[in-house]
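Fold and geometry: a report
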Amino acid sequence: MLKHVSLWLALTAVLSGLASAADYSKFTTPGLAKAQITHSDIAPLISYYQQQNWLEVTELGRSVEQRPVYLLKIGHGERKVLAWSQMHGDEPTATAAIFDLLAIIDAQQQQHAATGKGGPAWLDEISLYLIPMLNPDGAERNSRYNALGIDVNRDALALQTPEGQLLMQAAKKIKPHYGFNLHDQNRYHGAGDNKKPATISLLAPAYNEARQINPSRHAAMQLISAVKPLLDKAIPEQLGRYDDEYSMRSFGDTFSGMGISTVLVEAGGNYNDPFRQLARQLNVQLYLRWLELISSGSYRDYDLSGYNSIPMNNSGGMKDLIISNINLPKVDGKGVLARVDLAFTAGGNGRGSAGLDEIGDARIYGAYHSLDASGMAYQAGKAYPLVKPLQLTTDNYLKLLADGYSHFSGDAGLLSNNSGLPVAINPRGVNGPWPQRHASTTFLLSKDNKVQLAVINGRLIRLADGSLIDPFGGN
Ligand SMILES: [Zn+2]
C-alpha cells in the first residue's frame with residue numbers, strides 16, 4: 001500500500017510539473033541508461049505494451065536487416081501527434097525517454113482502472129503515435145547510418161531506405177498536425193556563448209531556403225516558446241537553438257513543408273552524465289508538457305519571443321578538457337616563452353581517443369573538465385625503453401613519471417601494467433620543447449623542476465597521490 005501511495009504521489013508530481021529527479025526515477029525504465037540501446041533492449045518492453053489494452057502496438061514494417069519497426073498509438077483525439085526516435089542509430093536518448101513516458105501513462109492507466117480516476121487528460125483530445133527506434137540496424141552497429149550506410153535523415157526525398165519509407169508512409173497515412181523529431185547531438189555543442197553544454201537544443205525546422213514562417217512553422221515555434229520557461233528553470237544557460245539552415249533532404253524540413261508543425265529535439269551532453277540521463281528526463285518533461293499544451297491549445301498564447309531568445313548552438317563550443325595557463329619554456333629551458341591553454345576533445349562523437357584541438361587562448365570555450373596549471377611548465381617526457389619484461393606497479397610507475405619519463409618505447413608486449421593507471425607506448429607528438437596540435441596528448445607538467453602532473457593520452461595523473469582524472473571516459 002505504501003508503495004502505491006508513493007507511486008501515486010510521484011505520478012501527481014510528475015504530471016503537475018513539480019517533480020524532482022527522484023519522482024522521475026520511479027518511472028525510469030530499467031536497463032536503458034547506457035551508451036548504446038539496441039532492438040533487443042526494447043523488444044521485451046514492446047512485448048509488455050502489446051499486452052496492455054490502453055494502446056495499440058503494430059509492426060510498421062522492417063528494416064534492411066528485417067528488424068521490426070513499431071508504431072504505438074495512444075489516445076483517440078482529433079489532434080494527431082507523431083514522434084519518432086533513433087532514426088540515427090547511435091542517438092538513443094529519446095528512445096529511453098519514450099519508454100519512460102509510456103511507464104508514466106501505464107501508471108496513470110492502472111490508477112484509472114483501479115479507482116476510475118486519474119487517466120491522462122489528453123486522451124480524448126490527442127491521438128499520439130510513437131515510433132521508438134526507427135533505425136534498429138544502425139542501433140545494432142551503434143552507427144548513425146542504416147545497414148546500407150545511408151543517413152535516413154537525408155533520405156526524405158529519395159526514399160531509398162526502408163526506414164525512411166516507413167516514416168514517410170506513416171506520416172502520409174496518419175497526417176499528423178504535429179511532429180517530434182527526436183535526436184542526440186554531439187556533446188561539443190555549447191549553448192550560445194554561455195560556455196556550457198547545450199543539454200537540450202530545439203528547432204522549428206525551415207521548409208524553404210528563405211526560412212519563412214508559415215502557420216505550421218509558427219505553431220512549432222510557439223510550442224518551443226511555451227516550454228522555454230520549464231527548460232530555463234531546469235537547465236539554466238544549457239538550452240540551445242539548433243541551426244535552422246534549410247536541409248531539403250531531411251525529414252523535419254520535409255514534414256515542415258507538408259504542413260506538419262515539426263519540432264526537432266536534440267538531447268545533448270551534461271557534466272558527469274555520460275549516458276545523458278538529464279536530457280532523457282527533460283525529454284519526458286517536454287513530452288508531457290507538449291501533450292498538455294496541444295491538448296488545451298494553450299501554446300497559441302505564446303509569441304515567438306521565447307523561441308527567438310534561445311541562444312544558437314555553438315558547435316565546438318565545448319571541450320572535454322582544458323588545461324589553462326601552461327608555461328612554455330624557452331628553447332634553452334631558461335625562462336618562459338609563452339603562456340598557453342591546451343584544449344582537448346575525444347573526437348568520434350566522444351568515442352575516439354584524446355586529441356589536442358587547440359593551443360593558445362581557450363577562454364571562449366567551456367569544458368567538461370578543466371585544470372588551471374598556473375605556475376606549471378610544459379615538459380616533454382623521456383621515453384623509457386622496453387628491452388626486458390617490466391612489471392609496472394603504481395609505485396614504480398609514479399617514480400618513473402617523477403624522474404621525467406612520460407611514455408615507453410619499444411615492444412609493448414614486454415610491459416605488464418598493474419598500476420591501474422594509463423600508460424603511453426610509442427606515442428606521437430612527444431618530442432620537442434612545445435606541444436604540437438593534433439599530436440601531443442602525452443607530456444608532463446612541472447613546477448620548480450619537479451613533475452606535478454603527468455598527462456598520458458589526455459588522462460591526468462597527479463603525482464602527489466597517484467589520483468587519476470579521466471576526461472574521456474564519457475563526460
Ligand atoms: Zn540525429
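Residues numbered from 1 in each chain as written. Predicted model: local features only at pLDDT ≥ 70, side-chain atom pairs only at ≥ 80, totals over all residues. Heavy atoms only, no water.

A grouping of V5, W8 and L9 is seen on the molecular surface, where their side chains present a nonpolar patch of about 280 Å² in accessible area. With respect to the helices and strands, V5 occurs in helix α1 (residues 2–16). (Patch = residues over 30% accessible without salt bridge, like charges linked within 9 Å, V, L, I, M, F, W, Y side chains within 5 Å. Areas by Shrake-Rupley, 256 points an atom, 1.4 Å probe, with all protein chains shown as cover. Salt bridge = Lys/Arg side-chain N within 4 Å of Asp/Glu carboxyl O. Helix = DSSP H or I, 4+ residues; strand = E, 2+ residues; numbered from the N terminus.)

Membership of the largest hydrophobic core comes to 74 residues, with the highest contact counts inside it found for I74, L102, F180, L202 and W290. If we skip the residues at most four places from it in the chain, W290 touches F180, L202, L223, I224, V227, V263 and V265. (Core = buried A, V, L, I, M, F, W, Y, C linked by side-chain atoms within 4.5 Å. Buried < 20%, exposed > 50% of the residue type's maximum accessible area, 1.4 Å probe, protein only. Contact = heavy atoms within 4.5 Å.)

Here we come to the pattern of salt bridges. Throughout the structure, instances matching the rule amount to 20 salt bridges. With its nearest N and O atoms 2.8 Å apart, the salt bridge here joins R67 to E65. Using a relative accessible area of 36% as the deciding quantity, one classes E65 as partly exposed. Between E91 and R144 there is a salt bridge, with its nearest N and O atoms 3.6 Å apart. Here R144 lies in the loop between α5 (136–141) and α6 (162–174) and E91 lies in the loop between β3 (79–85) and α4 (93–115), a separation of 53 residues in the sequence. Residue classification places R144 among the partly exposed positions, given a relative accessible area of 25%. A single salt-bridge network, built from bridges that share partners, covers E65, R67, D137, E140 and R141.

Before going further, it helps to spend a moment on the coordination of the zinc ion. Within the first shell, the zinc ion binds the protein through H88 (ND1), E91 (OE), E91 (OE) and H183 (ND1), at distances of 2.0 to 2.6 Å. Given 4 donor atoms and angles of 55 to 150 degrees at the metal, the environment of the zinc ion is assigned as irregular. Each donor residue of the zinc ion belongs to the same chain, with the gaps between them written as H-x2-E-x91-H. Of the two residues, H88 sits in the loop between β3 and α4 while H183 sits in strand β5 (residues 178–184), which places them 95 residues apart along the sequence. By the burial criterion, H88 is buried, and H183 matches it. (Donors = N, O, S within 2.8 Å, 3.2 Å for Na, K, Ca; no water. Tetrahedral: all angles 85-135°; square planar, octahedral: opposite > 155°, others 65-115°.)

Our focus in this paragraph is empty space enclosed by the protein. Enumeration according to the criterion identifies 1 cavity of 30 Å³ or more in this entry. Taken as a whole, the largest cavity holds about 110 Å³ of empty space. Those elements giving two or more residues to the lining of the largest cavity turn out to be β3, α4, β4 (126–131), β5 and α9 (277–296). With 4 residues, the single largest contributor to the lining of the largest cavity is α9. The class makeup of the residues in the lining of the largest cavity is 12 nonpolar, no polar and no charged. (1 Å grid on protein atoms, 1.4 Å probe; cavity = no way out; pocket = protein on both sides within 12 Å on 5 of 7 lines; lining within 4 Å. Points joined across faces, edges and corners; volume = space filled by probe spheres on them. Nonpolar A, V, L, I, M, F, W, Y, C, P; charged D, E, K, R; others polar.)

What follows concerns the domain arrangement of the protein chain. The domain architecture assigned to the protein chain consists of domain 1 (2–315) and domain 2 (318–469). If you average the C-alpha positions of domain 1 and of domain 2, the two centres end up 41 Å apart. Buried surface at the junction of domain 1 and domain 2, summed over both partners, amounts to about 1,100 Å²; 47% is from carbon and sulfur atoms. The largest per-residue losses of area from domain 1 upon contact with domain 2 belong to R187, Y188 and K195, which jointly make up 57% of the total buried on that side. R187 is the salt-bridge partner of D320, the closest N and O atoms lying 2.8 Å from each other. Of the residues contributing to the side of domain 1 that touches domain 2, the split by class is 3 nonpolar, 7 polar and 4 charged. (Domains from an automatic or database assignment. Buried area = accessible area lost by both parts, 1.4 Å probe.)

Let's shift gears to the environment of A367. Tracing the backbone through its elements, the reader meets A367 in strand β14 (residues 366–372). Through-space distance from the C-alpha of A367 to that of Q222 is 32 Å; in sequence the pair is 145 residues apart. With residues up to four places along the chain from it excluded, the contact list for A367 reads Y271, M318, K319 and I322.

In spatial order, the strands read β1-β2-β4-β3-β5-β9-β7-β8; together these 8 strands make up an open sheet with mixed pairing. The strands lining the two open edges of the sheet, one partner per strand, are β1 (55–62) and β8 (239–241). Geometrically, the sheet is characterised by an average inter-axis angle of 20 degrees between neighbouring strands, direction not taken into account. Bridge count for β1 against strand β2 (residues 68–74) is 7 bridges, and the pairing is antiparallel. Paired with L55 across the two strands is I74, which belongs to β2. Contacting β5, β7 (200–203), β8 and β9 (261–267), helix α7 (residues 215–234) runs over the sheet at an angle of about 35 degrees to β9. (Pairing = 2+ DSSP bridges. Axes fitted to C-alpha atoms, helices over the stretch in contact; angles between N-to-C directions.)

Among the structural elements, S85 can be located in strand β3. By relative accessible area, S85 is classed as buried at 0%. Once you skip the residues sitting within four places of it in the chain, S85 turns out to touch A94, T95, I98, I131, P132, M133, L134 and L182.

Bringing the packing of aromatic side chains into the picture now. One pass over the structure, following the stated rule, counts 13 aromatic pairs. Between Y49 and W54 the ring centres are 5.9 Å apart and the planes differ by 75 degrees, which places this aromatic pair in the edge-to-face class. With a relative accessible area of 5%, Y49 lands in the buried category. Among the residues examined, W54 registers a relative accessible area of 12% and is labelled buried. A network of ring pairs unites the aromatic residues Y48, Y49, W54 and F99 as a single cluster. Sitting over the ring of Y307, R241 keeps its end group 5.1 Å from the ring centre. Positioned above the aromatic ring of Y405 is the side chain of K382, whose terminal nitrogen or guanidinium carbon lies 4.4 Å from the ring centre. (Phe/Tyr/Trp six-rings, centres within 6.5 Å; stacked < 30°, edge-to-face > 60°. Lys NZ or Arg CZ within 6 Å of the ring centre and 35° of its normal.)

Bringing helix α11 (residues 394–402) into the picture now. Buried residues of α11: Y397, L398, L400 and L401, and no others. Buried positions in α11, seen along its axis, are confined to an arc of 155 degrees and lie on one side of it. In α11, the exposed positions that point more than 90 degrees away from the buried face belong to D395 and K399. Contact partners of the buried residues in α11: β16 (382–386), β17 (390–392), β18 (405–410), β20 (443–447), β21 (450–456) and β22 (459–462). Of the residues flanking the end of α11, it is G404, one or two places downstream, whose phi is positive at about 95 degrees. (Arc of directions from axis to C-beta.)

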